[in-house]
Amino acid sequence: MTEGGLKDAHSTPPAAAEKTNTSVPFHDEEATEEDTKTAEKTPLNEDVEKSDNNEETKGSAVVKLVGSSDPDCAAEAEFEHPEGGWGWVVMLAAMWCNGVIFGIQNSFGIFFISLLDEFGSAEDDSLKFKTAWVGSLSMGMIFFCSPIVSVFTDLFGCRKTAVAGAAVGLIGLFASSFVRTLGPLYFTYGIVFACGCSFAYQPSLVILGHYFKKRLGLVNGIVTAGSSVFTITLPYLLSFLLNWLGLHNTFRFLSIFMLVLMLVGFTYKPLMPEPRSPQTGKVTRLSKIFNFNIWKSVGYRIWALGIPAALYGYFVPYVHLMAFVEESFGKDVNKEILLMCIGITSGVGRMIFGRVADYVPGANKVYLQVSSFLVIGVLSMMIPLCQVFGGLIAVCLLMGLFDGCFICIMAPIAFELVGSQNASQAIGFLLGMMSLPMIVGPPIAGLLRDKLGTYNEAFYLAGIPPIIGGLVLCFIPYVERRKQQQQQQEAAAHKMLDGKANSVLQPYNAHEEKKELECSI
């Protein structure tokens, strides 16, 4: 689900950069030349020079302590992204990952009918309720596991986490092919398969930041467009396989997709330097288990509040649109074309807005998500107003376009707000918080339909949360600008103090040495 990076995507903050430059102020070449000339003009050069060197060492240590910067930021500033090369192979692997996982999840409606035929009568309302939980549990677990996945990604790296996750998903999907009752599917498909998909999915977003910076938006757009391609094509393939091979053999055929996903995970070669503790020089394990740094960012806290708030109504049209079409236009209308329209324009939107995000500086990328939420909220309210089927097609085309905008810049915004070293857990915790509204929102809309008799009120109310969430996100760029201004002021203060120390400390030492010599005479 996420993309687009920017020129500033995970660069060192100005304050950190200036602190790094001033951490050793007395060992540059110009200062050495000036000290040499001064020493030549001073009596008893050798003694004074020795004393000055001792004092200089002490002064340098003090300034280094005051002006020291975060070693993680310094290492990140020195790192140069390849912007291509093996990164293109990684991009294709991540694209396959997004396509397989969300292509299968979005096509559960095809499996739903086959499960009803396999395990009972299609007219059994209780069976429909129980069967629906297989798909909803699977989708919810993918996002619910994301905080745990982020910890594993930080501890073991993208490659090991993705390969292990794909292997678990393969086991869960293949085990589902041997199930002959509905109950075990809750575990094999709803939990095991979904958890494996979650562990394979998130590293595919994080690893892109190791290879791309300036092109991160475009690359994320291409990667997440993979889910749109599979969502458009996989339902037709599944319908053919279910009619030809049956449900159980179709699960086994899809297991081949998971096997390929496990193999492509080996391409996730990490490039970014690991953060190291300045005291011990070893990786700080505690911060990898739970990274408190992400919650120190006010911008991230606002982001983690606004996104879940918007999603309470965001997915309602995707779940209930087909039922609304049948009630409003009859069962004979070609309602599947609406999902195809959303899938096609969503892929186009990810490509377009992913590239646009590369030209939007810093945290201002958030405005793209704000626009997507506002438009989708308005479009959700317009669904009951469409009196002709062509109007619904136009609404779905626009909805898919801005859906792609929202998804494709998730990862780049995370890189902007917390930096590349903290992006994994930032994305993970956000996705975990998104699981609740994704599960709760559509059932609330269904309850409104049961109580009121129509979908009109449900769609009207579904448009409110995205608008509110979008307005909340508008505060992020303002907060980030204030943060940058404060860092620049602190950097300027440190630079001024370092300059004074450099100009005052050396003459003072020479004067003290001269006084000691006069006293000794």
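Scroll up a little and you will see the structure.
Cut-offs used in this document
Residues numbered from 1 in each chain as written. Predicted model: local features only at pLDDT ≥ 70, side-chain atom pairs only at ≥ 80, totals over all residues. Heavy atoms only, no water. Helix = DSSP H or I, 4+ residues; strand = E, 2+ residues; numbered from the N terminus. Buried < 20%, exposed > 50% of the residue type's maximum accessible area, 1.4 Å probe, protein only. Contact = heavy atoms within 4.5 Å. Areas by Shrake-Rupley, 256 points an atom, 1.4 Å probe, with all protein chains shown as cover. Polar contact = N/O pair within 3.5 Å; in protein donor to acceptor, adjacent residues only side chain to side chain. Salt bridge = Lys/Arg side-chain N within 4 Å of Asp/Glu carboxyl O. Axes fitted to C-alpha atoms, helices over the stretch in contact; angles between N-to-C directions. Parallel < 35°, antiparallel > 145°, perpendicular 65-115°, else oblique. Left-handed = near helix turned anticlockwise from the far one by under 90°. Nonpolar A, V, L, I, M, F, W, Y, C, P; charged D, E, K, R; others polar. Phe/Tyr/Trp six-rings, centres within 6.5 Å; stacked < 30°, edge-to-face > 60°. Lys NZ or Arg CZ within 6 Å of the ring centre and 35° of its normal. Expected span 1.5 Å × (residues − 1).

Here we come to the overall build of the chain. Regarding its fold elements, the chain presents 25 helices and zero strands. Counting across all 521 residues of the chain, residues that qualify as buried make up 52%. Contacts in the chain between residues at least 24 apart in sequence constitute 88% of all its contacts with a sequence separation of at least 6. For the chain, the exposed area adds up to about 24,000 Å²; of that, 65% sits on carbon and sulfur atoms.

Now for the side chain of Thr188. By the element assignment, Thr188 lies in helix α10 (residues 183–206). A polar contact is formed between the side chain of Thr188 and the side chain of Ser176, at a distance of 3.0 Å. Contact partners of Thr188, with chain neighbours within four places excluded, come to Gly172, Ala175, Ser176, Val179 and Phe193.

As a further point, take the pattern of salt bridges. In this structure the tally under the stated criterion is two salt bridges. Across the salt bridge formed by Arg350 and Asp403, the nearest N and O atoms sit 3.8 Å from each other. Here Arg350 is found in helix α18 (residues 336–357), whereas its partner Asp403 is found in helix α20 (residues 389–408), with 53 residues between them in sequence. For Asp403, a relative accessible area of 6% puts it in the buried group.

As a further point, take the packing of helix α19 (residues 366–382) against helix α24 (residues 464–473). In a packed pair of helices, the relevant descriptors are the angle between the two axes and the axis-to-axis distance. Viewed as axis vectors pointing N to C, α19 and α24 meet at an angle of 160°, and their least axial separation amounts to 7 Å. With respect to their mutual orientation, α19 and α24 come out roughly antiparallel. Like other packed secondary-structure pairs, α19 and α24 cross with a definite hand, here left-handed. Of the residues in α24, those touching α19 at Val366, Gln369, Val370, Phe373, Leu374, Gly377, Val378 and Met381 are Ile464, Pro466, Ile467, Gly470, Leu471 and Leu473. A breakdown of the residues in the contact of α19 with α24 according to their chemical character gives eleven nonpolar, three polar and no charged.

Within the secondary structure layout, Leu392 lies in helix α20. Counting along the chain gives 67 residues from Leu392 to Val325, while the straight-line C-alpha distance between them is 9.0 Å. With near-sequence residues (within four places) excluded, Leu392 lies in contact with Leu321, Phe324, Val325, Phe329, Leu338, Ile383 and Cys386.

Before going further, it helps to spend a moment on the packing of aromatic side chains. Under the counting rule described, the total for this entry stands at 20 aromatic pairs. Among the aromatic side chains, those forming a connected cluster through ring pairs are Trp96, Phe230, Phe253 and Phe257. Just above the ring of Phe178 sits the side chain of Arg252; from NZ or CZ to the centre is 4.7 Å.

In this model helix α13 (residues 247–264) runs 26 Å from its N-terminal to its C-terminal C-alpha over 18 residues, within 8% of the 26 Å that 1.5 Å per residue would give. Leu247, His248, Thr250, Phe251, Leu254, Ser255, Phe257, Met258, Leu261, Met262 and Val264 are the residues of α13 that are buried.

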